[in-house]
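# Structure at a glance
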Amino acid sequence: MVQQNNLSVFEAKYHEGTYVAGAAAAMASKTKKLGFVASFPVPDNLSAANGFLLGAQSIDPDISCTTIFLNSWFDPSKEKEAASSLISQGCDVLCCMTDTVTTVQVAGERDVWSVGYASDMSQFGRDKQLTAYTLDWSKRYIQAVQDVLDNTWESATRWEGLSEGTVKMATFNSELSSDNVQKLQQIEQDIVSGTLSPFDGELQDQTGKVRVQADERLNDDEIKKINWFVKGMNGRLS
């Protein structure tokens, strides 16, 4: 991306939130099959889907996930079809990264668990939303306005997650045990402190190729360019 003097960029580390949500999904799943509905196979969505599965595998290494791409930013009808298909395949926890609440609604209607995206979608999930990885841009907007008023605004690129409070986890469903909630909160704190990264190695891709060596982790630039699925993920990059 070419940085312009009159432009600042800020984006979220969605994968940090989906990693925590994935751990919650593994705690709730009975079938060991998760589903992920996303818009396009771009790095933001790929890292989020991978983070979801990796978080789940941190709890249960045998768990798998299937991702379906809508190839659209907004298509509730197609999203409903994708969510229903995943449930029919045995996925009993669905996570989404789309611009509608459709996946959460379908999951609630079919009595399976869901994870919301961007905002708390629990009101649409018939008490079946496990949590949501929400986004809070308020301090960025407020700071930008203040910087302009103070004549101190400068062009910058920011990529923020749990530690900055840009990504926040919604309340965990009361069906999760207190012990499990404590584990999830510890995972969240470990990411905040830097003790844990969703992309700590060893990591293999779908074909078994080692993408991240043991005792290594993907850096931010590598995560921003990710173009592969982790081992255990079903789905095509299209």
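As the structure is a prediction and not an experimental result, all values here were calculated from the model.

The subject of this paragraph is the pairing of strand 2 (residues 33-38). Strand 2 sits mainly inside the fold: 5 of its 6 residues count as buried. For strand 2 and strand 3 (residues 64-69), the ladder comprises 6 bridges, and the chain directions are parallel. Within the sheet, the bridge partner assigned to Lys33 lies in strand 3 and is Ser64. The β-α-β motif built from strand 2, the intervening helix 2 (residues 43-57) and the parallel element strand 3 has right-handed crossover chirality. Pairing between strand 2 and strand 4 (residues 93-97): 5 bridges, direction parallel.

Relative to the helices and strands, Gln123 is located in the loop between strand 5 (113-118) and strand 6 (129-135). Expressed as a C-alpha distance, the spacing of Gln123 and Ala82, which sit 41 residues apart in the sequence, is 21 Å.

Our next topic: the pairing of strand 6. Most of strand 6 is tucked away, with 7 of its 7 residues classed as buried. Pairing of strand 5 with strand 6 involves 5 bridges; the strand directions are parallel. Pairing of Ala118 across the sheet is with Thr134, part of strand 6. With 3 bridges connecting them, strand 6 and strand 8 (residues 167-169) associate as antiparallel partners. Directly across from Thr134, in strand 8, lies its bridge partner Lys168.

Moving on: unusual backbone geometry. For the bond from Gly201 to Glu202, the omega torsion is 5°, close enough to zero to count as cis. Here Glu202 lies in the loop between helix 6 (178-193) and strand 9 (203-204). Even without a glycine there, the phi angle at Lys32 is positive, about 65°. By relative accessible area, which is 38% here, Lys32 ends up partly exposed. Phi is positive for Asp111, close to 65°, though the residue is something other than glycine. One can find Asp111 in the loop between helix 4 (102-109) and strand 5.

Cut-offs applied
Residues numbered from 1 in each chain as written. Predicted model: local features only at pLDDT ≥ 70, side-chain atom pairs only at ≥ 80, totals over all residues. Heavy atoms only, no water. Buried < 20%, exposed > 50% of the residue type's maximum accessible area, 1.4 Å probe, protein only. Helix = DSSP H or I, 4+ residues; strand = E, 2+ residues; numbered from the N terminus. Pairing = 2+ DSSP bridges. Right-handed = clockwise from strand over helix to strand, strands pointing away.

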